[in-house]
Amino acid sequence: MSRQALHEGWVLRAVPGPQVPPEVADQAVPATVPGCVHTDLLAAGLIPDPYLDDNENRLGWIARTDWVYETTFPWQPGDDDRVDLVCAGLDTVATVTLNGVEVGRTENQHRGYRFGVGSLLRRGANTLTVRFDSPYRYAEAHRDRLGDRPNAYPEPFHFIRKTACNFGWDWGPTLVTAGIWQEIGLHAWSTARLATVRPLVTVEGGTGRVAVHVEVERVAEAPLTVHATVAGAAVEVTVPAGERGAAVAALTVRDPELWWPVGHGDQPRYDLEVTLRAEDGRALDRWSRRIGFRSVRLDTAPDAHGSAFTLHVNDVPVFVKGVNWIPDDAFPNRVTRPRLAERFAQAVGANVNLLRVWGGGRYESEDFYELADSLGLLVQQDFLFACAAYPEEEPFRTEVEAEAREQVTRLAAHPSLVLWTGNNENIWGWHDWDWQAPLAGRTWGRGYYLELLPAILGELDPTRPYWPGSPWSGSEEIHPNDPAHGTMHIWDVWNTDDYLKYREYVPRFVAEFGYQAPPAYATLRRAISDEPLAPDSPGMAHHQKAADGDRKLRRGLDAHLPAPADFDDWHYLTQLNQARAIQLGVEHFRSHRPVCTGTIVWQLNDCWPVTSWSAVDGDGRRKPLWYALRRAYADRLLTVQPRDGGLALVAVNETGEAWQAAATVTRLTLAGEPRAKTSVDLDVPAYASVVLALPAEPARPDEARRELLVAEAGDSAERALWFFAEDREIEWPAAEWDATVEPVDGGQLVRVTARTVLRDLTLFPDRLHPSAEVDQALVTLLPGESATFTVRADAPLDPGALTRRPVLRCVNDITACRA
């Protein structure tokens with residue numbers, strides 16, 4: 001058995017057409033494989049960077065063009081029975097030709113293909129050609145044939161099995177890709193090979209079991225055996241005769257170390273090795289993965305509040321502290337393992353324990369799921385359907401089934417994968433988005449979500465729960481976005497309502513909710529050349545994809561914060577308002593544990609520089625929201641919440657040990673003078689919360705615009721604040737502070753001592769150098785208190801600039817600042 005990668009020597013050509021620019025026509029462009037047309041043209045200097053300014057608008061012709069990749073490679077015949085061309089991922093409508101002979105056609109980005117090519121290979125030089133037809137032409141032809149169906153955007157993304165957000169989204173560019181986006185190569189083999197290996201791992205009563213389901217493709221009827229080993233256990237089974245025989249190798253491991261989600265324990269993994277052997281003992285093929293032993297179940301039992309949606313791992317209920325994940329770049333070849341590792345470290349650093357891979361993106365790389373396994377990040381994986389009525393006619397049903405079978409099998413080994421979801425918002429859309437009349441009885445995807453996909457999982461992986469949609473109530477008899485049942489999405493907040501409305505919901509599980517803000521300043525300056533920058537300058541407007549996005553941002557500012565005087569104010573305040581909105585929502589939902597058992601914030605990341613709902617922007621910089629998430633998702637949370645006409649102190653404990661601490665709640669003036677105080681003893685069981693009503697004296701201000709509450713429990717949790725009025729109404733003193741800057745190895749320490757209250761003090765060092773980052777943000781100081789910020793950068797930063805506007809900001813410097 002041998003493998004020969006075919007990643008070298010590729011060239012790319014546009015098929016002639018009137019839309020092709022003269023500078024590209026007839027060009028043989030060096031091509032990177034894996035890669036895509038856009039990045040090849042960019043590397044050759046034939047197109048401008050689509051992420052900068054409004055360059056995206058000038059590149060639509062690429063997706064309306066057919067493209068041909070071609071390479072010549074050497075080959076020497078051996079004694080193998082079979083040689084296959086293996087294409088792990090072709091994007092999307094491809095015709096594959098070897099030495100002038102067509103070997104296959106593809107029409108699905110989300111699956112791999114294998115073609116027998118032994119009879120076509122020649123000794124010496126061989127020519128491999130892959131032609132990609134325009135994805136628009138393919139999708140529009142099927143739309144016209146089957147009849148249009150409603151969707152959220154005026155693009156035909158639901159008529160092609162391809163990354164939907166390629167066609168643009170309310171946070172993403174319209175950059176419809178084509179290319180050999182995953183590995184391609186020759187696989188030579190004899191007698192038989194391992195076609196699929198699907199380990200189903202369970203654990204119960206201290207005993208771990210691995211049922212290794214193997215499918216074998218063979219070219220000879222010789223007897224075969226499968227040998228499997230894990231954690232010292234070994235088993236050998238015989239493969240029955242047949243061209244595609246199947247066998248199950250069952251392994252038992254006594255008292256395995258359990259794999260736990262981050263925050264609940266460690267993530268031990270074991271090497272599972274599978275070998276296919278011939279009758280004489282020769283190894284014909286090998287497969288290996290690292291697996292983890294853990295149980296997972298989803299509790300959806302009816303109760304006094306509706307019906308639950310509680311994820312249990314190893315029989316421990318896990319409060320999901322999640323974020324939604326979108327493709328980290330519009331061009332997948334740029335999403336490397338180090339880039340994923342950085343993004344995952346940001347997730348773990350924000351106390352996140354689950355990533356939901358959203359259904360408008362793609363099934364992620366092996367690196368993605370392996371990193372999640374190693375870090376204990378749970379994964380909820382959507383099947384790839386989003387915000388549209390999807391046709392169930394051919395060829396789509398066959399393609400969907402093949403894609404789902406491949407991905408369920410591929411991902412079965414990963415302990416991090418704990419939940420499959422049928423789609424994003426499509427069942428909700430059918431109910432509430434005026435789809436039913438234009439559909440006029442045509443298919444829209446119900447058969448996938450409620451029939452085909454659960455049947456495939458029942459057959460291939462019954463060890464993991466499946467939920468037909470996000471949102472979904474658990475029954476067709478109950479509205480899919482009913483907060484009392486299953487999962488819900490909250491989008492009236494942001495679209496139409498202020499974020500205080502989060503407090504009107506007590507959902508069982510919130511799978512999406514979010515609030516927008518622009519990216520970091522350094523990201524804006526790299527991507528947008530507007531002079532001066534303004535909220536509505538041309539580049540800013542192009543990098544705002546949400547309908548009425550700027551108006552919604554302004555509405556949020558008007559409700560809560562002082563009016564910005566310039567772009568620097570606007571940038572700080574919109575980022576602050578995003579952080580405030582999500583922190584308020586998360587803390588409210590967590591305060592209702594265990595009725596609410598999870599929140600998945602929209603969204604962790606971006607695929608390009610854009611004003612969006614992300615916590616980490618398209619250049620990988622953390623927005624203030626990231627710091628707010630770290631605080632709101634802390635394992636031990638202290639929060640002040642409105643309850644029953646008054647205020648309550650809520651303590652939430654997401655650790656395995658009881659939380660016992662003395663807590664105080666003090667009503668203070670903005671000058672730091674105490675007006676009232678109460679003390680309580682916290683005794684919060686593991687994985688629980690307690691609600692303590694506050695007495696009237698501290699909970700009722702004498703002067704709402706001049707007072708606040710401070711709740712503290714020593715070092716056991718970060719203190720909680722409650723202001724009795726909105727910032728725009730509070731009688732803030734002009735911000736005054738003393739600051740020092742001290743050089744340290746690799747950076748600088750900025751120490752700020754407040755002479756007045758400083759509300760949400762935040763340092764933006766990326767304004768001085770694009771590499772600069774800071775360890776904390778959104779720090780509120782009372783008079784006399786100090787905070788130390790650690791700034792890291794590739795070069796020393798101007799100490800004076802670090803301690804004044806627009807780098808160092810707080811809410812009460814908007815109208816005046818005397819530092």
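This text follows the structure it describes.
Calculation rules
Along each chain, numbering runs from 1 in the same order as the chain's sequence is written. Under the rules for a predicted model, residues below a pLDDT of 70 receive no local features and side-chain atom pairs below 80 are neither given nor counted, while totals for whole chains, interfaces and linings still include all residues. Working from all heavy atoms in the structure, the side-chain values ignore hydrogens and water. Under the scheme used here, helices are H or I runs from DSSP no shorter than 4 residues and strands are E runs no shorter than 2 residues, and both carry numbers assigned from the N terminus. What the globule rule says is 2.2 Å times the number of residues to the power 0.38, and the radius of gyration is computed from C-alpha atoms. Partly exposed residues are those whose accessible area sits between 20% and 50% of the maximum for their type, while under 20% is buried and over 50% is exposed, using a 1.4 Å probe and protein chains only. Two residues qualify as a contact provided that any one of their heavy atoms is within 4.5 Å of a heavy atom in the partner residue. Method for areas: the Shrake-Rupley scheme with a 1.4 Å probe, in which residue coverage is limited to the protein chains shown. Lys and Arg are tallied as positive, Asp and Glu as negative. Neither His nor the chain termini are counted. We put the charge of a Lys on NZ, of an Arg on CZ, of an Asp on CG and of a Glu on CD. Two strands form a pair only when DSSP identifies at least two bridges running between them. We call a set of buried Ala, Val, Leu, Ile, Met, Phe, Trp, Tyr and Cys residues a nonpolar core when their side-chain atoms join them within 4.5 Å. Between the rings of Phe, Tyr and Trp (Trp by its six-membered ring), a pair exists once the centres lie within 6.5 Å; its type follows the angle of the planes, with under 30 degrees stacked, over 60 edge-to-face, and the other angles tilted. Ring-over charges, as used throughout, are those where CZ of Arg or NZ of Lys falls within 6 Å of the ring centre and within 35 degrees of the ring normal. Only the stretch in contact is used when fitting a helix axis, every axis being a line fitted to C-alpha atoms; angles between N-to-C directions are given from 0 to 180 degrees. Angular relationships are summarised with four words: roughly parallel below 35 degrees, roughly antiparallel beyond 145, roughly perpendicular across 65 to 115, and oblique for the angles in between. Left-handed describes a crossing whose near helix is turned anticlockwise from the far helix through less than a right angle; right-handed describes the clockwise counterpart. Each residue is assigned to one of three groups, with Ala, Val, Leu, Ile, Met, Phe, Trp, Tyr, Cys and Pro labelled nonpolar, Asp, Glu, Lys and Arg labelled charged, and all others, Gly among them, labelled polar. In a helix, the anticipated span is given by 1.5 Å times the number of residues less one. To get the bend at a residue, fit one axis to the 7 residues ending there and another to the 7 starting there, then take the angle between the axes. Salt bridge, as used here: a side-chain nitrogen of Lys or Arg that lies within 4 Å of a carboxyl oxygen of Asp or Glu.

Chemist: What am I meant to see in the overall build of the protein chain here?
Modeler: Of regular secondary structure, the protein chain possesses 16 helices and 46 strands. Over its C-alpha atoms the protein chain spans a radius of gyration of 28 Å, differing by no more than 12% from the 28 Å that the globule rule assigns to 819 residues. Structurally, the protein chain occupies a C-alpha span of about 90 × 70 × 60 Å along its principal axes. Counting all 819 residues of the protein chain, 61% fall into the buried class. In the protein chain, of all internal contacts separated by at least 6 residues, the share reaching a separation of at least 24 is 69%. Carbon and sulfur atoms make up 48% of the accessible area of the protein chain, which totals about 29700 Å². Side chains of the protein chain give 81 positive and 114 negative charges; the mean places of these two sets differ by 0 Å.

Chemist: I'm lost on the sheet that holds strand β2 (residues 11–14) in this one. Help?
Modeler: Strand pairing in a sheet relies on backbone hydrogen bonds, with the paired strands running either antiparallel or parallel. Strand order in the open sheet formed by six strands is β3-β2-β4-β10-β7-β8, with antiparallel pairing between adjacent strands. The open sheet has two edge strands, β3 (29–30) and β8 (101–107), and neither has a second partner. The sheet contact formed by β2 and β3 spans two bridges and is antiparallel. By the bridge assignment for β3, valine 11 is matched with proline 30.

Chemist: When you look at the nonpolar core in this model, what are you seeing that I'm missing?
Modeler: For soluble globular proteins, the rule of thumb is that nonpolar side chains tend to be buried together. Within the largest apolar cluster, 170 residues are counted, with the highest numbers of intra-cluster contacts made by Trp169, Phe383 and Leu629. In terms of residues, this core owes the most to one element, helix α13 (residues 567–591), which gives 11 residues. Apart from the residues within four sequence positions on either side, tryptophan 169 is in contact with Tyr153, Phe157, Ala164, Trp358, Ala386, Cys387 and Lys545.

Chemist: Looking at this structure, how should I read unusual backbone geometry?
Modeler: Negative phi values dominate among residues other than glycine, just as trans dominates among peptide bonds. For the bond running from aspartate 91 to threonine 92, omega is -5°, close enough to zero to count as cis. Positionally, threonine 92 belongs in the loop between β6 (90–91) and β7 (93–98). Following arginine 805, the chain continues to proline 806 via a peptide bond in cis, the omega torsion being 0°. With respect to the helices and strands, the residue proline 806 is situated in the loop between α16 (799–802) and β46 (808–809). Positive phi values are uncommon outside glycine, yet leucine 778 reaches one of about 60°. Here leucine 778 lies in the loop between β43 (773–774) and β44 (779–781). Judged by its relative accessible area of 4%, leucine 778 falls in the buried class.

Chemist: When you look at the packing of aromatic side chains in this model, what are you seeing that I'm missing?
Modeler: Given two aromatic rings, their pairing is described by the distance between the two centres and the angle made by the two planes. What the rule picks out here adds up to 41 aromatic pairs. Seen from their ring centres, tyrosine 153 and tryptophan 169 are 4.7 Å apart, and the 55° between their planes marks the pair as tilted. You can see tyrosine 153 sitting in the loop between α2 (135–146) and β11 (179–180) and its partner tryptophan 169 sitting in the loop between α2 and β11, a full 16 residues away along the chain. Here tyrosine 153 matches tryptophan 169 in class, with each residue buried. With centroids separated by 5.5 Å and ring planes inclined at 80°, the aromatic side chains of tyrosine 502 and phenylalanine 513 adopt a geometry described as edge-to-face. Of the two residues, tyrosine 502 sits in the loop between α9 (492–495) and β31 (510–513) while phenylalanine 513 sits in strand β31, which places them 11 residues apart along the sequence. You'll find tyrosine 502 and phenylalanine 513 in the same group, each marked buried. Connected via pairs of aromatic rings, a cluster forms that spans Tyr153, Phe157, Trp169, Trp171, Trp358 and Trp602. Looking at arginine 193, its charged tip hangs above the ring of tryptophan 189, at a distance of 5.9 Å from the centre.

Chemist: Help me understand the environment of serine 365 in this model?
Modeler: Summarising the element assignment, serine 365 is placed in the loop between β26 (354–357) and α4 (366–375). Separated by 19 residues in the primary sequence, serine 365 and glutamine 346 have C-alpha atoms spaced 18 Å apart. Look past the residues within four positions of serine 365 in its chain and what remains in contact with it is Leu340 and Arg410.

Chemist: Explain the sheet that holds strand β39 (residues 720–723) here, please?
Modeler: The strand order across the open sheet formed by four strands is β36-β35-β38-β39, and the pairing between neighbours is antiparallel. Both outer strands of the open sheet, β36 (674–684) and β39, are each paired with one neighbouring strand and no more. Geometrically, the sheet is characterised by an average inter-axis angle of 15° between neighbouring strands, direction not taken into account. With 10 bridges connecting them, strand β35 (residues 659–669) and β36 associate as antiparallel partners. Residue pairing for β36: arginine 667 is matched across the bridge by alanine 676.

Chemist: Would you take a moment to explain the pairing of strand β40 (residues 737–744) for this structure?
Modeler: Each regular strand displays side chains that alternate between the two surfaces of the sheet. The sheet contact formed by β40 and strand β41 (residues 747–754) spans eight bridges and is antiparallel. Counted as the bridge partner of valine 744 is glycine 747 from β41. Two successive antiparallel strands, β40 and β41, enclose a turn made up of two residues, where glycine 746 displays a positive phi of approximately 85°.

Chemist: Explain the packing of helix α3 (residues 337–349) against α4 to me, please; I cannot follow it from the model alone.
Modeler: A packed helix pair is summarised by two numbers, namely the angle formed by the two axes and the spacing between the axes. At a minimum axis separation of 10 Å, α3 and α4 run at an interaxial angle of 40°. With respect to their mutual orientation, α3 and α4 come out oblique. Considering only the axes of α3 and α4, their crossing is right-handed. In this structure, α3 contributes Arg337, Leu340, Ala341, Phe344 and Val348 to the contact, and α4 contributes Asp367, Phe368, Glu370, Leu371, Ala372 and Leu375. Looking at the contact of α3 with α4 residue by residue, the classes come out as eight nonpolar, no polar and three charged.

Chemist: What exactly am I supposed to notice about helix α8 (residues 446–460) here?
Modeler: The α-helix winds at 3.6 residues per turn, so residues separated by three or four positions along the chain end up facing the same way. Over its 15 residues, α8 extends 21 Å from the first C-alpha to the last, a length consistent with the 21 Å expected when each residue adds 1.5 Å. Of all the bends in α8, the greatest, near 30°, is centred on leucine 452, and the proline proline 454 appears no more than four residues after it. Residues Gly447, Tyr448, Tyr449, Leu452, Leu453, Ile456, Leu457 and Leu460 constitute the buried set of α8. Summarising the contacts, the buried residues of α8 are in contact with β13 (192–204), α5 (396–411), β28 (417–421), α6 (426–432) and β29 (466–467).

Chemist: What is the right way to look at the pattern of salt bridges in this model?
Modeler: Two side chains of opposite charge can pair, provided their charged atoms sit close to one another. Evaluated as defined, the whole model comprises 69 salt bridges. A salt bridge links aspartate 133 to arginine 137; its shortest N-O distance comes to 3.9 Å. According to the relative accessible area criterion, arginine 137 is partly exposed, its value standing at 42%. The partner of glutamate 342 in a salt bridge is arginine 343, with the nearest N and O atoms 4.0 Å apart. Using a relative accessible area of 4% as the deciding quantity, one classes arginine 343 as buried. In the salt-bridge network here, residues are joined through shared partners; they are Arg667, Arg675, Asp702, Glu703, Arg705, Arg706, Glu707 and Glu731.

Chemist: Can you walk me through the packing of helix α12 (residues 549–560) against α13 in this structure?
Modeler: Where α12 contacts α13, the axes come no closer than 10 Å and their chain directions differ by 85°. Relative to α13, α12 is oriented roughly perpendicular. In this structure, α12 contributes Leu553, Gly556, Leu557 and His560 to the contact, and α13 contributes Trp570, Leu573, Thr574 and Asn577.

Chemist: For this particular structure, what's the right way to read the environment of methionine 540?
Modeler: Looking at the secondary structure, you find methionine 540 in helix α11 (residues 538–542). Under the relative-accessibility criterion, methionine 540 is labelled buried at 2%. Taking the C-alpha atoms as reference points, methionine 540 and glutamine 19, 521 residues apart in sequence, are found 28 Å from one another. Methionine 540 has contacts with Leu524, Ile528, Asp530, Leu533, Ala534, Pro535, Phe567, Trp570 and Thr611, leaving out every residue within four places of it along the chain.

Chemist: Sorry, what's going on with the side chain of glutamate 56 here?
Modeler: Within the element layout of this structure, glutamate 56 appears in the loop between α1 (37–43) and β4 (67–75). Ignoring sequence-local partners within four residues, the contact set of glutamate 56 consists of Pro50, Pro173, Thr174, Leu175, His542, Lys545 and Trp608.

Chemist: Would you explain the pairing of strand β33 (residues 636–643) in this entry?
Modeler: Summarising burial for β33: six of the eight residues are buried, a large majority. Pairing geometry for β33 and strand β34 (residues 646–653), over eight bridges, is antiparallel. When the sheet's bridge partners are listed, proline 642 is paired in β34 with leucine 647.

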